[in-house]
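# Notes for the structure review
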Amino acid sequence: MEMLRDKIKGLEHKIIEMIRASQDNETIAEQLHRFTRAILLTPNASDLPEVIVREIKHEFMVPRVALRVWGAADPFAALRFAQGATDDVRTFAASLHMPYCGANSGFEACQWLEEPDSVSSLAMIALRHSDSAGAFGLLVLGSPDPTRYSADMGTEFLARLGEVASAGLSRLLPPF
């Protein structure tokens, strides 16, 4: 009888964990929805990088966010977001087929963030048209919390965040 009670108690804990995870996922989905809506409602393409950075900071409570886009169309090529991506960063972004999450081990792109020396963990997401397309930019999320972004965390929502940001930012690129 005692063994059965322990088993039931264990199952109850698993159900509670599943409910909590479901609620967390629902919250993230709602945040992603508001983020997407903000991008869709941005009338001026040149404002998109600022809107994306602001909304990620606000919706997902990320303390440090930056992005760069390379190959921007002529009207946007001189703007800040289109500057400062070296060949090394571009090569790194091209190699990312899923978001990088982990310690800040001196990544060059971390220097794009405000107060880069305070960043202990990073998530970096390549911006691209599709899985098979080359990267046209990089989205960098940073935190002073060394456990905020770790190699063992799930990256599904970060990937979706990158896809939405990529879709919006594609307005800054020359037509195909």
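Everything numeric here is computed off the predicted structure, so don't read it as measured data.

Calculation rules
- Residues numbered from 1 in each chain as written.
- Predicted model: local features only at pLDDT ≥ 70, side-chain atom pairs only at ≥ 80, totals over all residues.
- Heavy atoms only, no water.
- Helix = DSSP H or I, 4+ residues; strand = E, 2+ residues; numbered from the N terminus.
- Polar contact = N/O pair within 3.5 Å; in protein donor to acceptor, adjacent residues only side chain to side chain.
- Contact = heavy atoms within 4.5 Å.
- Expected span 1.5 Å × (residues − 1).
- Buried < 20%, exposed > 50% of the residue type's maximum accessible area, 1.4 Å probe, protein only.
- Salt bridge = Lys/Arg side-chain N within 4 Å of Asp/Glu carboxyl O.
- Phe/Tyr/Trp six-rings, centres within 6.5 Å; stacked < 30°, edge-to-face > 60°.

## Quick notes on the side chain of Glu-59
- Mapping Glu-59 onto the fold places it in helix H2 (residues 48–60).
- Looking at Glu-59, its side chain comes within polar contact range of the side chain of Arg-34, at 2.8 Å.
- Leaving out residues up to four positions away in the same chain, Glu-59 has contacts with Gln-31 and Arg-34.

## Overview of helix H4 (residues 156–169)
- Its 14 residues place the ends of H4 20 Å apart at the C-alpha level, agreeing with the 20 Å of an ideal helix rising 1.5 Å per residue.
- Along H4, the residues that are buried comprise Leu-158, Leu-161, Gly-162, Val-164, Ala-165, Ser-166, Gly-168 and Leu-169.
- Contacts made by the buried residues of H4 are with helix H1 (2–40), H2, strand E1 (64–69), strand E2 (100–103), strand E3 (121–128) and strand E4 (135–143).

## A word on the pattern of salt bridges
- All told, the structure shown has eight salt bridges when counted by the stated rule.
- The residue Glu-55 makes a salt bridge to Arg-54 at a minimum N-O spacing of 3.4 Å.
- Residue Glu-55 is classed as buried on the basis of its relative accessible area, which comes to 12%.
- Judged by relative accessible area, which is 44%, Arg-54 ranks as partly exposed.
- Between Arg-160 and Glu-163 there is a salt bridge whose closest N-O contact spans 2.8 Å. Taken together, the residues span about one helical turn, with Arg-160 and Glu-163 both in helix H4 at a distance of three residues.
- On the basis of relative accessible area, Arg-160 is assigned to the partly exposed category, the value being 32%.
- In the salt-bridge network here, residues are joined through shared partners; they are Glu-30, Arg-34 and Glu-59.

## As for the packing of aromatic side chains
- Taken as a whole, this structure holds three aromatic pairs when the rule is applied.
- Between Phe-92 and Phe-107, the ring centres sit 5.5 Å apart and the planes meet at 45°, which makes this aromatic pair tilted. Within this pair, whereas Phe-92 is found in helix H3 (residues 87–95), its partner Phe-107 is found in the loop between E2 and E3, the two being separated by 15 residues in sequence.
- The class for Phe-92 is partly exposed, based on a relative accessible area of 23%.
- On the basis of relative accessibility, which here comes to 19%, the residue Phe-107 falls in the buried class.
- Three or more aromatic residues joined by ring pairs make a cluster, and in this case those are Phe-92, Tyr-100 and Phe-107.

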